[in-house]
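The residues making up each chain are set out below.
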Amino acid sequence: MTRSAHQGAGSAIIAGAGIGGLAAALALRDIGVASTLVEKRTALNETGAGIQLSPNASRVLFALGLGPALMRQAVEPEAVRIRALRGGAELSRLELGETMRQRYGAPYLVIARSDLHTIMLDALRARTSVRILAGRTASAAGNHGEQARLTIANASGQQEDLLADLVIGADGVWSRIRESLGGGAPRYRGYHAWRAVIPASELPPHVRVTETGLWLGGGQHLVHYGVAGGRALNVVAVIPSREALPDWSHEADPAVLMNAFSRADMRARDLLAAGRDWRIHALHDAPPPPRWSDGRVALLGDAAHPVLPFLAQGGALAIEDAAALAALLGEAAVAGMAPARALEMYGAARRARTMKVQQQARGNGRIYHMRAPLSFARNFAMRRLGGAGVLARYDWLYGWQAPQAVRGDAAAG
Ligand SMILES: Cc1cc2nc3c(=O)[nH]c(=O)nc-3n(C[C@H](O)[C@H](O)[C@H](O)COP(=O)(O)OP(=O)(O)OC[C@H]3O[C@@H](n4cnc5c(N)ncnc54)[C@H](O)[C@@H]3O)c2cc1C
């Protein structure tokens, strides 16, 4: 069966209602494109883990009108404190808070994924132009005359073709739409990320939810930051592993983690010991697809460029993609340009930046896990650069501006 996803001037079908798919629907809404979101999960919820929203991402979300809701749920950390796991010495302290706002014009926030998801969904549902088809799996996309086609199936395997002006593949690292565009399979990168959320009342006394912590070890690292308005701490511990688990969120035995951190500073070990319900995520990225778009079909977010989380940028890039996509489509419509050409321009605009982030994230993995004696040089360089020096190296990343059409007023407050 084939049916039109939406009637009207502009319509899009978005495969995947993750951060990227929701951001795309919000950004497209602002240029008058009505979206149908197709999501394979039946419940549109997110796991309890957190996400860091650097200014390049928060700027876009504020421009989309989510600022007040974000500021109610997020934590705006004062600083990132970087320490050595062995011995606990401070290597650097990067000021966030007001420093980030002044330097980049938007805040550095940390938030529970479930809260971010709810905020985005609420904003979408406030408009009637968005339709959500949950419990449907997208299997392929292609072009169909002057339209784009997405093939979906429900839980009993019943297939259906949806048609719209555009199809956006925002179906994450294991994207089926990337396959449709000839992109390769994800590659396991040899790390397991262990994640837990610890209620603030159960934290060791030395841990502050208003500060982000980054601990670097020889073969492992640890990140933590406040979520849920400071009522909990999100903890991510990364260790090497040969086991390429296929998907998100595997249950885990904390004894394995404590063993991997057996030589870490007691404060880091106390924090890990407070974690319950650890979940493991095997970390993948993927080679860039040969093309980001084919006619009226395009990729967005992890589907286009899965990145390791060591720069905390995968979600941020997905949000940037959404802003860039809407801006270029909006400009193309005004100029009378074909949507397929706008999608080509979008891919061309995003490719170099996303590849740079992908490479730097891999590089950070090597730096974070350096063993002695290389770690001595790393620690020396970090101390010498100081927090401001480290931050200055990220101006190209955090200073990203959405193309004019969707920039709006990002004055965060
Ligand atoms: C440990 C860890 C920490 C991270 N920390 C950060 C951070 O601090 N900051 C940051 O910016 N990023 C971070 N990231 C990266 C970030 O989580 C991802 O880059 C981001 O979720 C990508 O968003 P997305 O919408 O492209 O994909 P996803 O979030 O994966 O969403 C894809 C959606 O598509 C659905 N889907 C999948 N296949 C289909 C299908 N065939 N049909 C229909 N629906 C489908 C999925 O159910 C899902 O809802 C981290 C990642 C990890 C693993």
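What counts, and where the lines are drawn
Residues numbered from 1 in each chain as written. Predicted model: local features only at pLDDT ≥ 70, side-chain atom pairs only at ≥ 80, totals over all residues. Heavy atoms only, no water. Near = heavy atom within 4 Å. Polar contact = N/O pair within 3.5 Å; in protein donor to acceptor, adjacent residues only side chain to side chain. Areas by Shrake-Rupley, 256 points an atom, 1.4 Å probe, with all protein chains shown as cover. Helix = DSSP H or I, 4+ residues; strand = E, 2+ residues; numbered from the N terminus. Nonpolar A, V, L, I, M, F, W, Y, C, P; charged D, E, K, R; others polar. Axes fitted to C-alpha atoms, helices over the stretch in contact; angles between N-to-C directions. Parallel < 35°, antiparallel > 145°, perpendicular 65-115°, else oblique. Left-handed = near helix turned anticlockwise from the far one by under 90°. Contact = heavy atoms within 4.5 Å. Pairing = 2+ DSSP bridges. Buried < 20%, exposed > 50% of the residue type's maximum accessible area, 1.4 Å probe, protein only.

**Student:** Give me the site of the ligand: which residues, what numbers.
**Tutor:** Within the structure, the ligand sits among 32 residues, and Gly20, Glu39, Arg113, Ala138 and Asp302 are positioned closest to it. Within the contact set of the ligand, an oxygen atom lies 2.9 Å away from a backbone nitrogen or oxygen of Gln52. One of the side-chain nitrogen or oxygen atoms of Asp302 is found 2.8 Å away from an oxygen atom of the ligand. Surface burial for the ligand is 90%, taken as the share of its 1000 Å² of free accessible area covered by protein chains. At the level of elements, α1 (19-29), β3 (33-39), β4 (50-53), β9 (137-144), β13 (187-199), β18 (279-285) and α9 (314-335) are the ones that each hand at least two residues to the shell around the ligand. In terms of residue class, the shell around the ligand is made up of 11 nonpolar, 12 polar and nine charged.

**Student:** Which residues make up the packing of α1 against α9, and what values do they have?
**Tutor:** For the pair α1 and α9, interaxial distance at closest approach is 8 Å and the crossing angle is 25°. By the angle between their directions, the pair α1 and α9 is classed as roughly parallel. Crossing handedness for the pair α1 and α9: right-handed. In this structure, α1 uses Ile19, Gly20, Ala23, Ala24, Ala27 and Leu28 to contact α9, whose residues at the interface are Gly315, Ala318, Ile319, Ala322, Leu325, Ala326 and Leu329. Taken together, the residues that form the contact of α1 with α9 break down as 11 nonpolar, two polar and no charged.

**Student:** Go over the sheet that holds strand β15 (residues 221-227), please, and point to the residues and values.
**Tutor:** The eight strands are arranged β6-β5-β14-β15-β16-β13-β18-β17 in an open sheet whose pairing can be described as mixed. Sheet topology places β6 (90-95) and β17 (250-251) at the edges, where each strand pairs with a single neighbour. Relative to β18, β17 is paired through two bridges, and the arrangement is antiparallel. In the sheet register, Glu251 faces β18, and the bridge partner there is Arg279. Sheet contacts for helix α8 (residues 266-274): β5 (79-84), β13, β14 (211-216), β15 and β16 (232-240); angle to β16, the most-contacted strand, approximately 110°.

**Student:** Give me the environment of Ala106: which residues, what numbers.
**Tutor:** When you line up the elements, Ala106 lands in the loop between α4 (97-104) and β7 (109-112). Accessibility expressed as a relative area gives 0% for Ala106, which makes it buried. Between the alpha carbons of Ala106 and Ala268 there is a distance of 31 Å; along the sequence they are 162 residues apart. Apart from residues lying up to four places away in sequence, Ala106 is in contact with Pro55, Ser58, Arg59, Met100 and Arg101.

**Student:** Describe the packing of helix α2 (residues 55-63) against α9, naming the residues involved and giving the relevant values.
**Tutor:** Between α2 and α9, whose axes approach to 8 Å, the crossing angle comes to 45°. Considering the angle they form, α2 stands oblique to α9. Seen along the crossing, α2 lies across α9 with a hand that is left-handed. Between α2 and α9, the contacting residues are Asn56, Ala57, Val60 and Leu61 on the first element and Ala316, Ile319, Glu320 and Ala323 on the second. Classifying every residue of the contact of α2 with α9 gives six nonpolar, one polar and one charged.

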